[in-house]
Structure formats: C-alpha cells, structure tokens
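Here is what each chain is made of, one letter per residue.
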Amino acid sequence: SFAIYPNPSQGNIVHLEFENINLNPFSVEIRDISGKQLFFVRKVNDNQIDVLGLDEGFYFLNIQKEGKTVSSQKFIKSNP
C-alpha cells in the first residue's frame, strides 16, 4: 500500500510514500470520480506528482506496474 500527502492537497505537488514495497519502475494515473483518466505518467521522479493542472475535487491515484493497477488511493485537490 501507499500514502498520498498532503491530503487534501493545497499545493502543486503530492508525495507518495510506500510501505515495505519496492515497485520501481511504476506508472501513475489519476482518474476523476466518473472514471475518466486525467493524468498518466510512465516514470515518477522522487515519488512526487505535479497536480497543478487539476481542478478542486476528488480523485483516484492508481499505481500501475507492468500495465496493471496494483494499488489505488483517493485524494482531494483543493485550492489554497
């Protein structure tokens, strides 16, 4: 599993923290509550994701390994 912080996010960056697991390399996708994919990145640097382009709302961040979702967390994006 993993954690997203800060949550809710009020800035441009969210950080990912993994518990006792090494998924490198991994991909990240962000979907809105309707399931629409809004963001996908194949390589994550320093376990940080730039969420500046997202509107305020609820999202699902999915960790993918070899094209399959291995873990998912919800997070909230709010503007400062």
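First, a word on what this report is: a plain description of the structure on this page. (Residues numbered from 1 in each chain as written. Predicted model: local features only at pLDDT ≥ 70, side-chain atom pairs only at ≥ 80, totals over all residues. Heavy atoms only, no water.)

## Examining unusual backbone geometry
Here Y5 and P6 are connected by a cis peptide whose omega angle stands at -10°. Take P6: it is sitting in the loop between β1 (2-5) and β2 (13-18). Between N7 and P8 the backbone carries a cis peptide bond, its omega angle lying at 15°. Structurally, P8 can be placed in the loop between β1 and β2. Not every positive phi belongs to a glycine, and D46 is a case in point at roughly 55°. Note that D46 resides in the loop between β4 (37-41) and β5 (48-50). (Helix = DSSP H or I, 4+ residues; strand = E, 2+ residues; numbered from the N terminus.)

This is a description of form; function is not addressed.
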